[in-house]
Amino acid sequence: MAKKLIFIWLLSLITWTVALPAQAALTVQITKSVASALPIAIPSFGPGIAGQPTVADVVRNDLRHSGLFRVIDPAGYPGDPRSPSGVKATDWTTVGATGLAVGSVEPLNGGYVVNVYVYNVSTGQELVAKRFTCSAAELHMTAHHVADVIYQAFTGKPGPFASRIAYVRQTGENYELLVAESDGWNPHPIVRGIMPVFSPVWSPDNHRLAYTTYANARAVIYVQDLATGRRQSIAPGGEIVSAPAFSPNGEELAYARSSGGHTELYVANLRTGQRRKLTNDDAINTSPTWSADGSRIIFVSDRAGGPQIYEMNASGGGVHRLSYDGNYNAGPVYSPAGNAIAFIHRTAGVYALAVMKPDGSGVRVLDAQGNCDHPSFAGNGQMILYGTQRGGHKVLAEVSLDGKTMAILHSNAGEDSQPAWSH
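How each quantity is defined
- Residues numbered from 1 in each chain as written.
- Predicted model: local features only at pLDDT ≥ 70, side-chain atom pairs only at ≥ 80, totals over all residues.
- Heavy atoms only, no water.
- Pairing = 2+ DSSP bridges.
- Helix = DSSP H or I, 4+ residues; strand = E, 2+ residues; numbered from the N terminus.
- Axes fitted to C-alpha atoms, helices over the stretch in contact; angles between N-to-C directions.
- Contact = heavy atoms within 4.5 Å.
- Parallel < 35°, antiparallel > 145°, perpendicular 65-115°, else oblique.
- Left-handed = near helix turned anticlockwise from the far one by under 90°.
- Nonpolar A, V, L, I, M, F, W, Y, C, P; charged D, E, K, R; others polar.

Engineer: Describe the sheet that holds strand β4 (residues 99–108), listing the residues and the values that go with them.
Structural biologist: Taken in spatial order, the five strands make up an open sheet running β3-β2-β4-β5-β6, and their pairing is mixed. A strand with exactly one partner marks an edge of an open sheet, and here the two such strands are β3 (69–71) and β6 (125–135). Each neighbouring strand pair of the sheet contributes to a mean axis angle of 25 degrees, computed without reference to strand direction. Of the pairings in the sheet, the one linking strand β5 (residues 111–120) to β6 comprises 10 bridges and is antiparallel in character. Bridging from a neighbouring strand, Tyr112 pairs with Cys134 of β6. Of the strands in this sheet, β2 (38–41), β3 and β4 touch helix α2 (residues 55–66), which is tilted by about 140 degrees from β3. Sitting on the sheet, helix α4 (residues 139–155) is in contact with β2, β3, β4, β5 and β6, with an inclination near 165 degrees to β6.

Engineer: Help me get a handle on unusual backbone geometry, residues and values and all.
Structural biologist: With a phi close to 50 degrees, Asn109 is a non-glycine residue in the positive phi region. Tracing the chain through its elements places Asn109 in the loop between β4 and β5. At Ser199, a residue that is not glycine, the phi angle is positive and equals roughly 55 degrees. Counting through the fold element by element, Ser199 comes out in strand β10 (residues 198–202).

Engineer: Describe the environment of His207, naming the residues involved and giving the relevant values.
Structural biologist: The topology assignment puts His207 in the loop between β10 and β11 (208–215). The sequence separation of His207 and Leu253 amounts to 46 residues, and the corresponding C-alpha distance is 15 Å. For His207, the contacting residues outside a window of four places in its chain are Gln224, Asp225 and Leu226.

Engineer: Which residues make up the packing of α2 against α4, and what are the values?
Structural biologist: Each pair of packed helices gets described by two things: the angle between the helix axes and the distance between those axes. Closest axis-to-axis distance for the α2/α4 pair is 8 Å, and the angle between their directions is 50 degrees. Comparing the axis directions of α2 and α4 gives the class oblique. The two elements α2 and α4 cross, and the hand of that crossing is right-handed. From α2, Val55, Val58, Val59, Asp62, Leu63 and Ser66 reach across to α4, where they touch Leu139, His140, Ala143, His144, Val146, Ala147, Ile150 and Tyr151. Looking at the contact of α2 with α4 residue by residue, the classes come out as 10 nonpolar, three polar and one charged.

Below is the structure:
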């Protein structure tokens with residue numbers, strides 16, 4: 001029993017959720033990038049909304065912190081074109097650009113039209129042209145969409161920028177569950193109070209968040225509608241529940257339930273409330289996550305003597321162990337494509353971020369600079385968002401799946417952890 005209590009405490013430590021004030025946006029600092037980052041020029045797109053970053057500012061910052069692009073200093077640009085008629089590709093070779101994205105921001109009926117044209121400078125070819133319409137409130141997010149267009153034009157993969165992140169901030173004894181754009185812009189609280197919040201996860205349609213907090217001195221799970229604020233309690237009636245995970249269709253929620261010294265995994269139908277039990281043994285079983293096709297669930301169990309990662313069928317059968325490297329592996333999550341699992345791996349006394357293949361082989365440590373928590377994949381599967389520590393503070397970080405690029409997202413107002421990237 002003592003061993004199990006220690007295990008639960010360690011999991012709580014590694015997934016500890018801390019929060020900041022809602023008005024304190026995150027600052028992105030690139031700490032690692034690829035030597036072959038593509039040199040790209042992003043002219044101004046024209047002015048935007050006073051007091052806010054311009055569309056070009058947002059696009060430049062997004063591409064920089066992906067680690068795959070080197071944005072050339074605008075001070076050396078040969079001009080400031082905003083449409084194809086002003087583009088002469090050979091002018092941009094003189095500043096060392098391989099890529100070029102020009103565009104415009106034009107007022108329309110109280111909102112804006114944003115145009116973007118992407119070029120391969122070497123060939124002079126226009127790779128893509130796109131037009132967006134948006135309200136004033138949507139202009140910052142539209143700039144992320146522009147960055148996604150550019151990212152995909154040069155990488156062939158969907159961009160991760162036009163998405164949201166949820167994370168927990170702690171300021172003194174106060175906690176907030178915040179939602180912000182992918183660069184930390186416009187953070188606003190979903191939950192605020194003196195009770196800690198743990199393990200936020202997005203529903204597949206990004207309309208709801210599930211999270212763990214406390215009520216009547218017990219851990220409870222709520223599923224909250226972001227538009228209305230309505231909350232649905234999972235497993236009410238005094239049960240101790242934690243570690244929520246949405247099924248891929250959003251209709252079910254897997255979670256851990258603790259009772260009588262045991263922690264077992266359950267699945268609840270969010271519409272009917274009907275529950276089914278997935279595990280039934282003397283071990284602690286927690287941290288379930290579904291595969292993208294909904295056929296499998298990975299989870300953490302101490303049935304072999306310490307926390308390790310296991311996989312089973314979504315019905316609860318076919319349990320088999322995946323992790324064998326080290327004596328502590330926890331917090332697993334599948335990549336959207338199912339080609340990798342990110343998790344927390346203890347090495348040299350540090351709870352590091354690592355990835356492995358779906359069969360448990362090929363373990364690679366991506367960040368061992370500070371204790372890490374709660375990995376979450378971007379929708380394109382190419383980047384992982386997670387909590388970590390730098391300089392004695394809890395911060396958020398992003399790292400590419402190959403480990404070649406990394407950025408730190410931080411605020412001076414408090415400490416952050418437990419992030420989750422929207423789908």
